[in-house]
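Observations on chain architecture
If you want the building blocks of each chain, they are given just below.
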Amino acid sequence: MADEAKWYVVHTYSGYENKVASNLEKTVENRQLQDLIQEIRVPTETVTEITDTGKRKEVERKIFPGYVIVKMIMTDESWYAVRNIRGCTGFVGPSSSKPIPLTDEEVARLGIEKREIEISYKVGDSVNIVDGPLEGFIGTVEEMDVEKNRIRVTVSMFGTCYGYRARAGKLTARKKN
């Protein structure tokens, strides 16, 4: 049995995502499975729609219709609890009897868990590129978008300056002499 909870994707009937999530929450509470099934999410985003009359209206939309994302420790008991919820058709994976968890990269890309990255540099600072195609090069921070974890760096190669977009974790601050 794994000690660490992982994220799994559960397939549901379209339109039943919230019902499956609430029923699963009730089941977890009734069977006291809080230590095995830790989080249940229906990923949504807020979108502004313009109605037929021309009015703007904010609507919450499901990012992945027909899917619920569950953070759980996979055991026979937790698998059975999720699998037997009304409206659930099974886990996403090559076989519904042996679900495969999302990788850390997939979790980060989907934005399921937000991870704080400490940035020790600011616009105008010199940084080392530690990963990617320009690994080993030195650049200057031109622009930072901390919310999206994107940093634009200018790198000088062969007398020409090139723009390079990188994630915050792929750069380190250079020590000042």
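Here is a short report on the structure shown in this document. (Residues numbered from 1 in each chain as written. Predicted model: local features only at pLDDT ≥ 70, side-chain atom pairs only at ≥ 80, totals over all residues. Heavy atoms only, no water.)

**Quick look at the nonpolar core**
Our working definition: We call a set of buried residues a nonpolar core when its members are Ala, Val, Leu, Ile, Met, Phe, Trp, Tyr or Cys and they connect through side-chain atoms within 4.5 Å of each other. Think of it in three bands: residues with accessible area under 20% of the maximum for their type are buried, residues over 50% are exposed, and the middle band is partly exposed, with areas taken using a 1.4 Å probe on protein chains only. Each helix is a run of H or I in the DSSP string that is no shorter than four residues. Each strand is a run of E no shorter than two, and both are numbered from the N terminus. Between two residues, a contact is recorded if the distance between any of their heavy atoms is within 4.5 Å.
Of all hydrophobic cores here, the largest spans 21 residues; its most connected members are Leu24, Ile37, Ile40, Val70, Met72 and Val82. Elements with a contribution of two residues or more to this core: β1 (6-12), α1 (17-30), β2 (37-41), β5 (67-72), α2 (76-83) and β6 (88-91). If one sorts the elements of this core by residue count, α1 sits on top with 4 residues. Every residue in contact with Met72, bar those within four places of it in the chain, is listed here: Ala5, Lys6, Tyr8, Leu36, Ile37, Gln38, Ser78, Trp79, Val82 and Phe91. Among the nonpolar cores identified, the runner-up in size contains 13 residues, and Tyr121, Ile129, Val141 and Tyr164 belong to it.

**Examining a nonpolar patch on the surface**
Here is the rule: Surface patches are defined over residues having more than 30% relative accessible area and no salt bridge, joining like charges when they lie within 9 Å and nonpolar side chains (Val, Leu, Ile, Met, Phe, Trp, Tyr) when within 5 Å. Note that accessible areas follow from Shrake-Rupley with a 1.4 Å probe, and for residues the cover is restricted to the protein chains shown. Between Lys or Arg on one side and Asp or Glu on the other, a salt bridge is scored when a side-chain nitrogen of the former is within 4 Å of a carboxyl oxygen of the latter.
On the surface, a cluster of nonpolar side chains totalling about 220 Å² of accessible area is made up of Ile63, Phe64 and Leu110. Tracing the sequence through the fold places Leu110 in helix α3 (residues 104-110). Judged by its relative accessible area of 37%, Leu110 is partly exposed.

**Comments concerning a negative patch on the surface**
Threshold: For this count, His and the chain ends are skipped, Lys and Arg are scored as positive, and Asp and Glu as negative. The atoms used to mark charge sites are NZ of Lys, CZ of Arg, CG of Asp and CD of Glu.
On the surface, a cluster of negative charge is made up of Glu4, Asp104, Glu105 and Glu106. Owing to a relative accessible area of 30%, Glu106 belongs among the partly exposed residues under this scheme.

**Some words on the sheet that holds strand β7 (residues 126-129)**
Operational definition: Following DSSP output, two strands are said to pair if at least two bridges run between them. Under this scheme, a helix contributes an axis fitted over its contacting stretch, all axes are lines through C-alpha atoms, and angles between N-to-C directions fall in the 0 to 180 degree range.
The strand order across the open sheet formed by 5 strands is β10-β9-β8-β7-β11, and the pairing between neighbours is antiparallel. Both outer strands of the open sheet, β10 (160-167) and β11 (171-173), are each paired with one neighbouring strand and no more. The average angle at which neighbouring strand axes cross in this sheet is 45°, direction not considered. Where β7 and β11 come together, 3 bridges link them in antiparallel fashion. Directly across from Asn128, in β11, lies its bridge partner Thr172.

**Quick look at the pattern of salt bridges**
Under the defined criterion, the tally for this structure stands at 4 salt bridges. Notably, a salt bridge pairs Glu39 with Arg41, separated by 2.5 Å at the nearest N-O pair. Judged by relative accessible area, which is 30%, Arg41 ranks as partly exposed.

**Details of the sheet that holds β2**
Across the sheet, which stays open at both edges, the 4 strands sit in the order β2-β5-β1-β6 with antiparallel pairing between neighbours. Since the sheet does not close on itself, it has two edges, and those belong to β2 and β6, each with one partner. Each adjacent strand pair in this sheet contributes to an overall mean axis angle of 30°, direction not counted. Bridge count between β1 and β6: 3 bridges; the pairing is antiparallel. Across the sheet, Thr12 pairs through a bridge with Cys88, a residue of β6. Those strands touched by α1 are β1, β2, β5 and β6, and its axis lies near 160° from that of β2. Sitting on the sheet, α2 touches β1, β2, β5 and β6, and the angle it makes with β6 is about 145°.

**Some details on the environment of Gln38**
Relative to the elements of secondary structure, Gln38 occurs in strand β2. It is 20 Å that separates the C-alpha atoms of Gln38 and Gly87, two residues lying 49 residues apart in sequence.

**Notes on α2**
Here is the rule: Relevant arc is that of directions from the helix axis to the C-beta atoms, nothing else.
Regarding α2, the residues found buried are Ser78, Ala81 and Val82. Each buried residue of α2 lies within a common arc of 95° when the element is viewed along its axis, so the set occupies one face. The inward-facing, buried residues of α2 abut β1, α1, β2, β5 and β6.

So, to be careful, I would describe these as geometric facts and stop short of saying anything about function.
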